[in-house]
Amino acid sequence: MMIDLRSDTVTRPTPEMRRAMAEAEVGDDFYGEDPTVARLERKAAEILGKEAALFVSSGTMGNLVALLSQTRMGDSIICERKCHIFCFEKGHVSAVCGLLPICLEGDRGRLEPEKVEAVCLGESPLYAATRLICLENTHNMLGGLCLDVAYMRRMRNLADRLGCGIHVDGARIFNASVALGVPAADLARDADSLTFCLSKGLACPYGAVLAGSREMIRIARFKRHMVGGGLRQGGIMAAAGLVALDTMISRLAEDHDHARRLAEGLVRGGLIVDLGAVETNMVFFRLPDGAPEPEVFLQRMKDGKVLCNPPRGGNWRLVTHHGIGQADIDQAVHSISSALGG
Ligand SMILES: Cc1ncc(COP(=O)(O)O)c(C=O)c1O
């Protein structure tokens, strides 16, 4: 068996999810008649302390629909340079939404208020007025770093002063919630909208949820339809989401423990890891001087039964998840450390 550390998206639905999907009560969600979708949306809104929520096909669609619902073509958003919305969503910010993305270098995934204030564009005949500050919690490309409640409060105060909203790409918001030991609702309180993914650490086969005010979600429902994301008997997928919200959140702590064990093992094995940056279920490492070429290293890892994506800018990312046990972690430490030596 391969130890697949490429992403937490490789997780498979649990037997309980499969059962719930098979038995789900369904209807045509376009007519508002799918009770299981409605239950998922109510429950997600409740967990996040928001008025309403919308079931969408993916994190990307959640972010896209959030932007479409809260901006107009010719507006701008401010985001962190390595965030998912800017780097990995096929440019929908400009290609679909017609927005100007203003990217800032963050500090450990955090936009700095002074920098945001300096680039924020006000209402004027000349400017692409800034409507949203987009934050990512946890931050994928920076190794799963969390934004805490105090930071969110500061950003809310800033956004209010600047007259813009806050969207959180919370694909892994429950990882942040578990790692920080605070309810997800506390992390969502200061956001106008938040997307979270069901199909990552929560192990669902499909889906994400966008949450916000009743009015924002009413508009988002239209926008979802506009981009082809309307659902019919969506309850079959929503059923897995309901199981995930009941059973898969608190267990994320296990993934975080595994990430720490992995990180510490890799340091012992001679890899370069910033242990202070291991906060949730991701470990980023770099190769020391004299290490084999990346293609060779990747192949050696594979020979040692470890799957990992190729590095980006010299950073290798490993992600722990439901399908990975402690024995897998120990085997991975052994294989990756051995790949250094040959
Ligand atoms: C931070 C973040 N946001 C959004 C997404 C997009 O999610 P999806 O793959 O469901 O479109 C991802 C996917 O990895 C992500 O890591």
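Residues numbered from 1 in each chain as written. Predicted model: local features only at pLDDT ≥ 70, side-chain atom pairs only at ≥ 80, totals over all residues. Heavy atoms only, no water.

1. Some words on the pattern of salt bridges
- Scanning all chains against the criterion turns up 22 salt bridges.
- A salt bridge links aspartate 4 to arginine 6, with the shortest nitrogen-to-oxygen separation between them at 2.6 Å.
- Assessed through its relative accessible area of 14%, aspartate 4 is described here as buried.
- Taking the relative accessible area as the measure of exposure, arginine 6 reaches 31% and is therefore partly exposed. (Salt bridge = Lys/Arg side-chain N within 4 Å of Asp/Glu carboxyl O. Buried < 20%, exposed > 50% of the residue type's maximum accessible area, 1.4 Å probe, protein only.)

2. Quick notes on the packing of aromatic side chains
- Applying the stated criterion across every chain yields a total of six aromatic pairs.
- Between phenylalanine 30 and tyrosine 31, the ring centres sit 5.9 Å apart and the planes meet at 90°, which makes this aromatic pair edge-to-face.
- On the basis of relative accessible area, phenylalanine 30 is assigned to the partly exposed category, the value being 47%.
- Overall, tyrosine 31 belongs to the exposed group, its relative accessible area being 60%.
- One aromatic cluster is present, formed by Phe285, Phe297 and Trp316 through successive ring pairs. (Phe/Tyr/Trp six-rings, centres within 6.5 Å; stacked < 30°, edge-to-face > 60°.)

3. Focus on the site of the ligand
- In the region of the ligand, 13 residues are neighbours, and Gly59, Thr60, Asn140, Asp169 and Arg172 sit closest.
- In this structure, an oxygen atom belonging to the ligand sits 2.6 Å away from a side-chain N or O atom of threonine 60.
- Between the ligand and the protein, one listed contact pairs an oxygen atom with a side-chain N or O atom of lysine 200 at 2.8 Å.
- For the ligand, whose accessible area on its own is 380 Å², the fraction buried by protein is 84%.
- By residue number, the principal contributor to the shell around the ligand is helix H3 (residues 59-70), which donates three residues.
- Across the shell around the ligand, the residue classes tally to two nonpolar, six polar and five charged. (Near = heavy atom within 4 Å. Polar contact = N/O pair within 3.5 Å; in protein donor to acceptor, adjacent residues only side chain to side chain. Areas by Shrake-Rupley, 256 points an atom, 1.4 Å probe, with all protein chains shown as cover. Helix = DSSP H or I, 4+ residues; strand = E, 2+ residues; numbered from the N terminus. Nonpolar A, V, L, I, M, F, W, Y, C, P; charged D, E, K, R; others polar.)

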